[in-house]
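Residue-level structural notes
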Amino acid sequence: MNHQPFEEWLLNDKHLNPTEKRELDAHLRDCKYCTALTETGFALRSARVVAPAPGFAMRFQERLAAQKIADRRRRLWGLLVLILTGIGLAVWLTAPYISAIAASPVEWLTTVAAYILFLFMSLQAFGEALSVLARIVPGFIPPYVWMVIISAMAGLGLLWAISIWRFVRAPRGVSV
Ligand SMILES: [Zn+2]
């Protein structure tokens, strides 16, 4: 059975003139498919969109705002705990030094200044030695070996700086 143009009319909810209406009625009398289509159309048109309960939007917004505030508060508390923990840890770690500084500030300043001066001078000497090496050696050392040497020297330098720090600090421990 040919359902056109009736199927299209029904699907598009076309406004029909009297002639078209008569033709459609005649078709619907024998066509179960188009009858079903008509009923579906009626059902869809008669279905009401369920309106939300009054004040829904307002309650939703209020809940959203409350949640945002709670979120912010939780984040703030987290930050506070983090900061307090950090401060506590810093105090715990630096307390011995701080008490030492408080006990003899001048001695500490001298120690630190001596350390910095010594470190600076040593670094200068180290740099000079390195520059001399850099002038002499590159000709017959491949770049990757050069890189290994430099990183090894840097590591040793760091270790050495730390060991000096221990060494410089030692007399203070003895005197106390
Ligand atoms: Zn039909």
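What you are looking at is a predicted structure, and each value in this text was computed from that prediction instead of being measured. Position numbers for residues start from 1 in each chain and track the written sequence from start to end. Under the rules for a predicted model, residues below a pLDDT of 70 receive no local features and side-chain atom pairs below 80 are neither given nor counted, while totals for whole chains, interfaces and linings still include all residues. Side-chain measures were taken over the full set of non-hydrogen atoms in the model, leaving aside hydrogen atoms and water.

**Section: the packing of helix α2 (residues 18-30) against helix α3 (residues 32-46)**
Interaxial angle, 0 to 180 degrees, is taken between N-to-C directions of lines fitted to C-alpha atoms, where a helix line uses only the stretch in contact. In DSSP terms, a helix is any run of H or I states spanning at least four residues, a strand is any run of E spanning at least two, and both are numbered starting from the N terminus. The geometry of α2 relative to α3 is characterised by a closest axis approach of 6 Å and an angle of 115° between their N-to-C directions. Looking at the two axes, α2 sits roughly perpendicular to α3. Where α2 abuts α3, its residues H27, L28 and D30 lie against K32, C34, T35 and T38. For the contact of α2 with α3, the per-class residue count stands at two nonpolar, three polar and two charged. If an angle is under 35 degrees, it is roughly parallel; if it is over 145, roughly antiparallel; if it lies from 65 to 115, roughly perpendicular; otherwise it is oblique. In this analysis, two residues are considered to be in contact whenever any of their non-hydrogen atoms come within 4.5 Å of each other. Classes in brief: Ala, Val, Leu, Ile, Met, Phe, Trp, Tyr, Cys and Pro nonpolar; Asp, Glu, Lys and Arg charged; the others, Gly included, polar.

**Some points on a nonpolar patch on the surface**
Every patch collects residues that have over 30% relative accessible area and no salt bridge, joining them within 9 Å if they carry like charges and within 5 Å if they are nonpolar side chains (Val, Leu, Ile, Met, Phe, Trp, Tyr). Accessible surface area values rest on a Shrake-Rupley calculation with a 1.4 Å probe, where residue burial reflects the displayed protein chains alone. In what follows, salt bridge is the name for a side-chain nitrogen of Lys or Arg lying within 4 Å of a carboxyl oxygen of Asp or Glu. Together, W77, L79, L80, V81, L82, I83, L84, I87 and V91 line one region of the surface with nonpolar side chains, adding up to about 920 Å² of accessible area. Accessibility expressed as a relative area gives 54% for W77, which makes it exposed. Relative accessible area decides the class of each residue, using a 1.4 Å probe on protein chains only: under 20% of the type maximum gives buried, over 50% gives exposed, and in between gives partly exposed.

**A closer look at the packing of aromatic side chains**
Each pair of aromatic rings taken from Phe, Tyr and Trp, with Trp reduced to its six-membered ring, is defined by centres within 6.5 Å and is described as stacked if the planes are under 30 degrees apart, edge-to-face if over 60, and tilted in the remaining cases. In the structure shown here, the tally under the stated rule is two aromatic pairs. A centroid spacing of 5.4 Å and a plane angle of 85° characterise the contact between F6 and W9, whose relative ring orientation is edge-to-face. Of the two residues, F6 and W9 are both situated in helix α1 (residues 6-12); the distance of three residues between them amounts to about one turn of the helix.

**Some points on the coordination of the zinc ion**
Excluding water, the donors of a metal are its N, O and S neighbours within 2.8 Å, or within 3.2 Å for Na, K and Ca, and that exclusion means sites may look incomplete. Around the zinc ion, the protein supplies H3 (ND1), H27 (NE2), C31 (SG) and C34 (SG) as donor atoms, at distances of 1.9 to 2.3 Å. With four donor atoms in place around the zinc ion and angles of 95 to 130° between them, the coordination shape is tetrahedral. As a motif over one chain, the donors of the zinc ion read H-x23-H-x3-C-x2-C. A relative accessible area of 8% means that H27 is categorised as buried. Between 85 and 135 degrees for all angles marks four donors as tetrahedral; over 155 degrees for opposite donors together with 65 to 115 for all other angles marks four donors as square planar and six as octahedral; every other arrangement is irregular.

**Some details on the nonpolar core**
F6, W9, L16, L24, L28, C31 and C34 form the largest nonpolar core, which has seven residues in total. Among the secondary structure elements, those contributing two or more residues to this core are α1 and α2. Those residues within four positions of L28 in sequence are excluded, and the remaining contacts are C34, T35 and T38. What is meant by a nonpolar core is a set of buried Ala, Val, Leu, Ile, Met, Phe, Trp, Tyr and Cys residues, joined one to another through side-chain atoms within 4.5 Å.

**Focus on α3**
The span you would expect from a helix comes to 1.5 Å times its residue count less one. Its 15 residues place the ends of α3 21 Å apart at the C-alpha level, agreeing with the 21 Å of an ideal helix rising 1.5 Å per residue. For α3, the full list of buried residues reads C34, L37 and T38. The buried residues of α3 all sit within an arc of 100° when viewed along its axis, so they share a single face. In this structure, α3 carries K32 and E39 as exposed residues pointing more than 90 degrees from its buried face. What the arc covers is the set of directions going from the helix axis to the C-beta atoms.

**Some details on the confidence of the model for the chain**
Summary statistics for the chain give a mean pLDDT of 82 and a share of 89% for residues scoring 70 or more. Within a predicted model, pLDDT stands for the predictor's per-residue confidence, ranging from 0 to 100. Taken element by element, the chain is modelled with least confidence in helix α6 (residues 143-175), mean pLDDT 74, and with most confidence in α2, mean pLDDT 90.

**Here's the deal with the pattern of salt bridges**
Per the stated rule, a full pass over the model turns up two salt bridges. Among the ionic pairs, E20 bridges to K14, the shortest N-O distance being 3.4 Å. Of the charged contacts in the structure, one is a salt bridge between D71 and R74, with a shortest N-O distance of 3.4 Å. Highlighted residues: D71 and R74, both in helix α4 (residues 56-103), separated by three residues, approximately one helical turn.

**Some words on α2**
Compared with an ideal rise of 1.5 Å per residue, which puts 13 residues at 18 Å, α2 spans 19 Å between its outermost C-alpha atoms and is within 8% of the ideal. E20, L24, H27 and L28 are the residues of α2 that are buried. Within α2, the buried residues cover an arc of 100° as seen down the axis, which keeps them to one side. Seen from the open side of α2, the exposed residues pointing more than 90 degrees away from its buried face are P18, R22, R29 and D30. Elements that come into contact with the buried residues of α2 comprise α1 and α3.

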